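The lines below spell out each chain.
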Amino acid sequence: MDRSVVIVTLVCALQTAGFAQAKGPDLSTSAASVRDWADRLMDRDPQVRAIADDTLVEQAPRSLPLLRRLLNSPDEDLQVVTVEIIRRIGPPAIPLLVDLLRDQRVSIRRDAVDALIDLSPHTEGIQAALIRTLRDEDAQVVGDAARALGALGPRASSSVRGLVTTLSHGDPYVRVYAAEALASIGPKAAAATDDLARAVGDPVPGVRWAACEALAGIGAAAASAVPQLIGALEDEFLYVRIFAAGALGSIGPKAQAARDALRTAANDPALRSDAEWALNRIAGVGVSEPNDEPLLSTLSVAPQSETPVEQTANPPIEWDTKTGRNIVWSVELGNETFGRPVVAGDTVYVGTDNARATDPQFQEESGVLKAFRATDGKFLWQDVAPRVERGLREFLLPSTTSAPYVEGDRLYYVTAECQLRSLDTATADLVWELDMCRLGVFPHEATNSEVLPVGDLLMVSTSNGQNEGHMRVPSPRAPSLIAVDKHSGAVVWRAIGAGDQVLHGQWSSPVAANVNGRMQVLFGGGDGWLRAYDAASGHEVWRFDGNPKNARWLPRPRVLSRGSIIASPVFADGRVFIAMGQSPGHGNGPSFVHAISPNGQGDVTNSRVLWTSREVGRVVGTPIVKDGLLYVADLGGTIHCLDAATGAHVWSHETHDAIWGSLLLAGERLYVGGIEGSMTVLRAGRRKELLATFEMAAPLYSRPAVVGDALYLTTARRLYLIAAKP
């Protein structure tokens, strides 16, 4: 082509681009514009889709009429994408969401009201629309409307009457959400006391304890409900009894008539803490955090526990599940396997679900711990945690996520039903069991904690979290972390930790750190605070807030939000590293990684931070430190390498596959798995080198175990032994 023609063509292109930029993107609701944006949003190229998403978010509120048209498409996938864009837009989309509450399609109304839950307090002015939605014909829409009002807390006081009416809804879970919303409103919901007192006698246990929770939130103004609460202290369901005691304590001196019943209730070990707290509140006595008598000794021996680093291993850098290349053996697990494999002696253990039941006598949905012979994958035994009837629908993930700790002929792990168990490794017989729910714990969505041994103690997170409606913490005095005698299962000490400030759930596992000869237990809380406890006594040594003080809780993708700590903290080179995150269901977004000095007392947020990185997204998998480098992977699918001393970003690698917990350093190789089944192998070090990428047949949620030059790896459905085959 002639050079002058090329120049003219280039100039015209630049002028056209400049004009388009000045004019802005076409966001009209014409048929052509709607088709064009639909094509972009559904394009096969992820970069094209991302640019379209970002443009529509940035152009709000101009883009809202166009998004409304896109929702009218019969393409359900496009509807899902459009709803997520509206969620990202946030408060400016509230008028559109209110309009969608009247949509004829149930699915759209459900999406709209669900999005409004997370937009508090900006929804304060649309309470009339939410109250109207409480009369929707779809129970899920009604329940989420109650949740959206509950998210406003005391600001929803004008909605009390509408919520009281909803307490008589035919769907029990709508009644639960209505009661939880009234609990969030607190003392300003006093007008609901009589109706809540009647709800304490509801035929559904979950409604009964939600009503007790609401009466506790109202406090002294709920004194007329004391007789019903006294009766609830004898309810057959534990949570009703616990929450009734808490409500009586919140009412305080006006609950004098409950003293004898509370003294009787205190004879039950599961109620003792709450009953004694209530008695002290009624007597007007100041109450401190419950804590069992501390041990007198000082624990200073570092525990033996697995880490994501194997110094000298040399496993294969690629394998093929279809051809069998470098696959020594594999066995079926369940459908959703989140637990990581643990190899002890000649046995490999892994937590999974019961979707592929090994025992024909037990077919029910449940969490399972399976044991296989390490050499050939032969099934040896399993331990099943049947569903526990707690008076509400099964709100816990029916899959064992805890990695067991094995010591000699004893195995310790946390079941899917919030029980800490000790098993005999030879026979799988139960030695002892501690039901953490009997400590007042209300686990949220899943129970997850690895078992940390420190001397004769086992440190375990309880997973205490928010109620089912995600409105408040129903058990604020229950422990977040406990220390248990490994021989008897007795609780030695307990730490409340985040208390009523849990943002969602608590799923981080504790880590030990020997700091100047004093053994500390580091625990990442569901409120975003890292706390260090003295291992012997459980007394708090220091705490660090991983969130900016002005950050708000925004559980949606691509926005800066308060975060919790889900990944375990890492102690290395005299520093503590924490990566902030959120539940994977909330998607990726801007986040933080911190390095902290563990030599401090009290609140060390400002005094002991060494560096903070804003280069990394939300993290749920434990980072790795080796040779002065920190490796961390986020929910956006990016692997990051940071300088451990300074926080400087050394390199990053995009996998385009969300990374949960599958991160392992073996020798000089970094193995990273994604939830779409991608496996990435990189050479560790300051110079990034990609060694291999390939696909597995199922999602990769947890890190492999390394034994010699072999990997024991789980996908969501299978356990593999991977090694170079002769």
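This text goes with the structure placed above it.
Calculation notes
- Residues numbered from 1 in each chain as written.
- Predicted model: local features only at pLDDT ≥ 70, side-chain atom pairs only at ≥ 80, totals over all residues.
- Heavy atoms only, no water.
- Axes fitted to C-alpha atoms, helices over the stretch in contact; angles between N-to-C directions.
- Helix = DSSP H or I, 4+ residues; strand = E, 2+ residues; numbered from the N terminus.
- Parallel < 35°, antiparallel > 145°, perpendicular 65-115°, else oblique.
- Contact = heavy atoms within 4.5 Å.
- Nonpolar A, V, L, I, M, F, W, Y, C, P; charged D, E, K, R; others polar.
- Expected span 1.5 Å × (residues − 1).
- Buried < 20%, exposed > 50% of the residue type's maximum accessible area, 1.4 Å probe, protein only.
- Polar contact = N/O pair within 3.5 Å; in protein donor to acceptor, adjacent residues only side chain to side chain.
- Pairing = 2+ DSSP bridges.

### Thoughts on the packing of helix H11 (residues 172–185) against helix H13 (residues 205–218)
Running from N to C, H11 and H13 cross one another at 10°; their axes reach a closest spacing of 7 Å. The angle between H11 and H13 falls in the class roughly parallel. Taking contact as the criterion, the partners of Pro 172, Arg 175, Val 176, Ala 179, Glu 180, Leu 182 and Ala 183 in H11 are, on H13, Gly 206, Val 207, Ala 210, Ala 211, Glu 213, Ala 214 and Gly 217. A per-class count over the contact of H11 with H13 returns 9 nonpolar, 2 polar and 3 charged.

### Thoughts on helix H3 (residues 46–58)
Taking 1.5 Å per residue, 13 residues should reach 18 Å; H3 reaches 18 Å between its end C-alpha atoms and fits that length. Where H3 is concerned, the buried positions are Ala 52, Asp 53, Thr 55, Leu 56 and Val 57. Against the buried residues of H3 lie helix H2 (31–41), helix H4 (64–71) and helix H5 (76–89). Sitting at the amino-terminal end of H3 is Asp 45, which places a side-chain oxygen 2.9 Å from the backbone nitrogen of Gln 47.

### Quick word on the sheet that holds strand E22 (residues 602–603)
Across the sheet, which stays open at both edges, the 5 strands sit in the order E15-E16-E17-E18-E22 with mixed pairing between neighbours. Here the strands that pair on one side only, and so sit at the sheet edges, are strand E15 (511–515) and E22. Sheet topology note: the strand E16 (residues 518–524)/strand E17 (residues 529–534) ladder contains 5 bridges and is antiparallel. Residue pairing across strands places Phe 523 opposite Arg 531, the latter belonging to E17.

### Observations concerning the environment of Val 484
Structurally, the position occupied by Val 484 is in strand E13 (residues 481–485). The exposure class of Val 484 is buried, given its relative accessible area of 0%. For the pair Val 484 and Ala 633, spaced 149 residues apart in the sequence, the C-alpha separation amounts to 32 Å.

### A few points about H11
Counted at 1.5 Å a residue, the expected span for H11 with its 14 residues is 20 Å, and the 20 Å between its end C-alpha atoms agrees. Among the 14 residues that make up H11, 13 are buried, leaving the element largely enclosed by the rest of the structure. If you check the start of H11, you find a side-chain oxygen 2.8 Å away from the backbone N of Tyr 173, and it comes from Asp 171. Where H11 ends, the next residue or the one after it, Gly 186, has phi of about 80°, a positive value.

### Some points on the side chain of Gln 520
Looking at where Gln 520 falls in the secondary structure, it is placed in strand E16. On the basis of relative accessibility, which here comes to 3%, the residue Gln 520 falls in the buried class. Only 3.0 Å separates the side chain of Gln 520 from the side chain of Trp 542, close enough to count as a polar contact. Beyond its immediate sequence surroundings of up to four residues, Gln 520 is in contact with Val 511, Ala 512, Ala 513, Val 515, Ala 532, Tyr 533, Val 541, Trp 542 and Pro 598.

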